[in-house]
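Listed below, chain by chain, are the residues.
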Amino acid sequence: MTSLLIATEDPHLLFHRLFNNSFQTLGSIKDRISQIFIDILCCTRSSAYLTDTRTSRNNELFPFAFQDLLEAIGSKHQQKTQEFSAPDKDSGGGGGDPEVVFNVLDAILKCSLERLKHMRESMSWAHIGHYNYKLKAGYSQHIDTIRNLSLEGRLGVALRLRSKMIHQGIFPDVVTHNYLINGFCKVNAFEKAEWLVTQMSLWGPSPNVATYNTLMKGYCAFGDTDKALDLISAMNYGKVKPNVITYTILVHAHCKKEKLEEARALLLELTDEYSEKTLIASTILMDSSFKKGDTSLAFTLWKEILSKEVDVVAYNVVIHGSSLRYDLILAYKYINQMLKIGFLPDNFTYNTLINTLCKMKQIDEAFYLYKVMSKMGVTPDKITYNILIQWLCRLENMVTAHELLNSMLEKSMIPPLLTWNLVIGGYGRHGDKQNTLHIMNQMMEYGVLPNVFTYNALIHMFIKRGEISKAHLVMKEMISSGPLPDTVTYNLLVGAESEFGHLYSAEQIHDDMLERGYEPDVITYTKLIKGFCMRGKIEDAERIFSFHMLKKCNNLVIDHFPFQILIKKYFKIGNLDGAYGVYQKWLRIDQGQ
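If you check an unreviewed UniProt entry, the protein chain appears there as Pentatricopeptide repeat-containing protein from Lactuca virosa. Listed under Sequence similarities (unreviewed entry) in UniProt, the entry text for the protein chain is "Belongs to the PPR family. P subfamily."

Another aspect to go through is the nonpolar core. Within the largest apolar cluster, 138 residues are counted, with the highest numbers of intra-cluster contacts made by M216, I354 and I389. In contact with I354, not counting residues within four places along its chain, are A366, L369, Y370, M373, T384, I387 and L388.

Another point: the pattern of salt bridges. Under the criterion given, the structure shown has eleven salt bridges. Between D540 and R543 there is a salt bridge whose closest N-O contact spans 3.4 Å. Of this pair, D540 and R543 both sit in helix α30 (residues 538-549), three residues apart, which is roughly one turn of the helix. Judged by relative accessible area, which is 25%, D540 ranks as partly exposed.

A word on the confidence of the model for the protein chain. Per-residue pLDDT for the protein chain has a mean of 79; in total, 74% of the residues score no lower than 70. pLDDT under 50 marks residues 1-27. Its contacts with residues more than four places away, or in other chains, come to 35 contacts. Considering only residues more than four positions removed or in separate chains, one finds that residues 40-95, a stretch of pLDDT under 50, has 40 contacts.

This next bit is on the packing of α30 against helix α31 (residues 561-572). Where α30 meets α31, the axes come as close as 11 Å, and the angle between the chain directions of the two elements is 150°. When the axis of α30 is compared with that of α31, the two are roughly antiparallel. As for the relative orientation of α30 and α31, their crossing is left-handed in sense. Contacts between α30 and α31 involve I538, A541, E542, F545 and M549 from the first element and P562, F563, L566, K569 and Y570 from the second. Each residue belonging to the contact of α30 with α31 can be placed in one class, and the counts come to eight nonpolar, no polar and two charged.

Looking now at the packing of helix α15 (residues 279-292) against helix α17 (residues 312-324). Two numbers describe how α15 lies on α17: the axes approach to 9 Å, and their chain directions differ by 5°. Relative to α17, the element α15 lies roughly parallel. For the pair α15 and α17, the contacting residues are L279, T283, M286, D287, F290 and K291 in the first and V313, A314, V317, V318, H320, G321 and L324 in the second. Its residues assigned to classes, the contact of α15 with α17 shows eight nonpolar, three polar and two charged.

Attention shifts here to a nonpolar patch on the surface. On the surface, a cluster of nonpolar side chains totalling about 260 Å² of accessible area is made up of L151, V175 and Y179. Following the sequence through the fold, L151 ends up in helix α7 (residues 98-152).

Look at helix α12 (residues 225-237): 19 Å from first C-alpha to last across 13 residues, which is about the 18 Å you get at 1.5 Å a residue. The complete set of buried residues in α12 reads T225, A228, L231, I232 and M235. End-on view of α12: buried residues confined to an arc of 110°, all on one side of the axis. Projecting away from the buried face of α12 at angles above 90 degrees are the exposed residues D226, D230, S233 and Y237. Buried positions along α12 lie against α11 (209-221) and α13 (244-256).

Quick look at the packing of aromatic side chains now. Within this structure, the stated rule accounts for 13 aromatic pairs. Aromatic pair F290 and F299: ring centres 5.2 Å apart, planes at 90°, arrangement edge-to-face. This pair shows no difference in class: F290 is buried, exactly as F299 is. One aromatic cluster is present, formed by W302, Y315, Y334 and F343 through successive ring pairs. When the ring centre of W195 is taken as origin, the NZ or CZ atom of K192, which lies over that ring, is 5.6 Å away. Here the guanidinium or amino end of R394 rests over the ring plane of W391, the centre of that ring lying 4.5 Å away.

Structurally, S498 can be placed in helix α27 (residues 487-499). Aside from chain neighbours lying at most four places away, what touches S498 is L503, A506, K527, L528 and G531.

With 13 residues, helix α18 (residues 328-340) should reach 18 Å at 1.5 Å per residue; the first-to-last C-alpha distance of 18 Å fits that figure. Turning to α18, its buried residues number three or more, namely L328, L330, A331, Y334, I335 and M338. Projected down its long axis, α18 carries its buried residues within an arc of 160°, all on one side. Residues of α18 that are exposed and point more than 90 degrees away from the buried face comprise I329 and K340. Of the surrounding secondary structure, the elements contacted by the buried residues of α18 are α16 (295-308), α17 and α19 (347-359).

What follows deals with the environment of D224. Turning to its location among the elements, D224 is positioned in the loop between α11 and α12. With 29 residues separating them in the primary sequence, D224 and A253 have C-alpha atoms 8.7 Å apart. Of the polar contacts made by the side chain of D224, one reaches the backbone nitrogen of K227; its length is 3.3 Å.

To continue, consider unusual backbone geometry. The peptide bond linking G204 to P205 adopts the cis configuration, its omega dihedral lying at -10°. Tracing the backbone through its elements, the reader meets P205 in the loop between α10 (190-203) and α11. Cis geometry is found at the peptide bond from G482 to P483, where omega equals -5°. Within the element layout of this structure, P483 appears in the loop between α26 (468-481) and α27.

Thresholds, definitions, all that
- Position labels on residues start from 1 in each chain and follow its written sequence.
- Confidence filtering applies because this is a predicted model: local features only for residues at pLDDT of at least 70, side-chain atom pairs given and counted only at 80 or more, and all residues used for totals across whole chains, interfaces and linings.
- Calculation of side-chain values draws on the structure's entire complement of heavy atoms; hydrogens and water are dropped beforehand.
- UniProt positions are given in the numbering used here, feature names are shortened, and annotations may be inferred rather than shown by experiment.
- In this description, a nonpolar core means a group of buried Ala, Val, Leu, Ile, Met, Phe, Trp, Tyr and Cys residues linked to one another through side-chain atoms lying within 4.5 Å.
- Note on exposure labels: buried denotes an accessible area under 20% of the residue type's maximum, exposed denotes more than 50%, and partly exposed covers the range between, all computed with a 1.4 Å probe on protein chains only.
- Contacts are assigned to residue pairs with any non-hydrogen atoms lying within 4.5 Å of each other.
- The rule for a salt bridge is simple: a side-chain nitrogen of Lys or Arg has to be within 4 Å of a carboxyl oxygen of Asp or Glu.
- Put simply, DSSP marks the helices as runs of H or I at least four residues long and the strands as runs of E at least two long, and each gets a number from the N terminus on.
- Values of pLDDT, the confidence the predictor places in each residue, fall between 0 and 100.
- Lines are fitted to the C-alpha atoms to define the axes, a helix being fitted only along its stretch in contact, and any angle between axes, read from their N-to-C directions, falls within 0 to 180 degrees.
- The cut-offs work like this: below 35 degrees is roughly parallel, past 145 is roughly antiparallel, 65 to 115 is roughly perpendicular, and the gaps in between are oblique.
- Crossings are assigned a handedness: left-handed for a near helix turned anticlockwise from the far helix by less than a right angle, right-handed for a clockwise turn.
- Residue type decides the class: Asp, Glu, Lys and Arg count as charged, Ala, Val, Leu, Ile, Met, Phe, Trp, Tyr, Cys and Pro as nonpolar, and the leftover types, Gly among them, as polar.
- Like-charged residues are merged into a patch within 9 Å and nonpolar side chains (Val, Leu, Ile, Met, Phe, Trp, Tyr) within 5 Å, provided each residue has over 30% relative accessible area and no salt bridge.
- Areas reported as accessible are Shrake-Rupley estimates using a 1.4 Å probe. Residue values count occlusion only from the protein chains shown.
- Each helix should span, by expectation, one fewer than its residue count multiplied by 1.5 Å.
- The arc refers to the directions leading from the helix axis to the C-beta atoms.
- Each aromatic pair joins two rings of Phe, Tyr and Trp (for Trp, the six-membered one) with centres within 6.5 Å, and gets the label stacked for planes under 30 degrees apart, edge-to-face for over 60, and tilted for any other angle.
- Each ring is checked for a lysine NZ or an arginine CZ that lies within 6 Å of its centre and within 35 degrees of its normal; such an atom marks a charge sitting over the ring.
- Under the rule applied, a polar contact is a pair of N or O atoms within 3.5 Å (in protein, one hydrogen donor and one hydrogen acceptor; residues adjacent in sequence only if both atoms are side-chain atoms).

Next up, the structure:
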């Protein structure tokens, strides 16, 4: 009865139950299948109807994958199954020898099970390989994201992504942690940076020398050299050896704070460790020594550099140091040395000499050097043009300054706002309305927007021309659309109104300053005092001086000009007591009373 039930069972359900039942061992499955096949093959002919039904349903119900599997299993043993499953004539149509049938089926079953085992193993390894690939791809993507977020300053998001990775059992590498630490140092979030270093020390990855150098550089950038020095002890505790970059960062930090002796001591320590790698640190200290005026130490360092190795930067520093002393003969001497050993002067070299020549009012020599650098294959940069234009405007040579500005534009070099302002301011001081407005319009055509200094130059130009109303219109435009005026803007208008005798308007501008939250300075009050004195209104001048200016003397640094203006006016009208009273006030302020 059991045999008949099994024989009539749907083959698809039968094999699915046998091969996919996770609660049965392979041995029990083998025994059970063997028994089932014996029952099927040894059943009597009286079950022909059931057999025909099973055969007819094979093509309908068997899944194609299972049919292929059975065909593969059966093809190898087709001959044997036919031979041993045929009914024995001598036995009157009975089944074959059960033991022989069992042996055949056992061989078939072993073959099929072995094949299924290989299939399962290949599927498992494929799955594991795919998982590992996805894991590696996800790790790389997260690492790149954290680094990019750190560079963009989106540190909160980067930190959350790091936490998510750690919760998944994946730790970002030390380089990625260094990106995060650098980001926190840039925004002065040193508590977070220190916390990250502590986490790395506890859970990994272990901090390396770049980690400590990054944190040290951050401290030095914000002037905390003491904490930077404390990191040396932390490095030693963590068995991380400082390198040449570590010492260079500390030397630079001490130089910025003008602690040259401490920087020198660190340099000597660095020399003991890395005798051939001190060029950068030595150059930094030499530059600071020149700027502080310690030329003895600077030239001592220069001799040390020459005895080991030297580069263009070191030569530029010693040339710049010589130029600070206005010793151009020595500067040219070092340039000749550069050329002899195969180093070519660069933009910094030429700009240093051009700036020094301009300071010495040797503009012709500066222009000669400007032409020489182009012939030597060094293209003048924006700094070169800015130096020359600045000094030409100071010397009121606006024609040549304007030519240099046009030369920049011809070379597709858009000047910075500072350069435009120099030329606009130069023309404005001369009251040259046409060129001032032309340069300003040209600047805006090139996409450079004016700032408060540009508008102040424009106001100065209108005042020079006596067009006070237009100067007021410019300030109104600044208030309505920006940039907002500053104290200089108000002082220009206060001075103009005072000079033209419009004292009421001058005081109104002063009051408007106070209403808008601007603090008048000593120039504001000096211009008002001068305006009242020029019109003989000494009482009003004294009122501005005593009740406005001296009242704020704690916040104002008062120079000698307002005192001299009042004393001269009192002497002019013959009021010696008034002059003496102002003089007494002057003495009390000088004595800090």
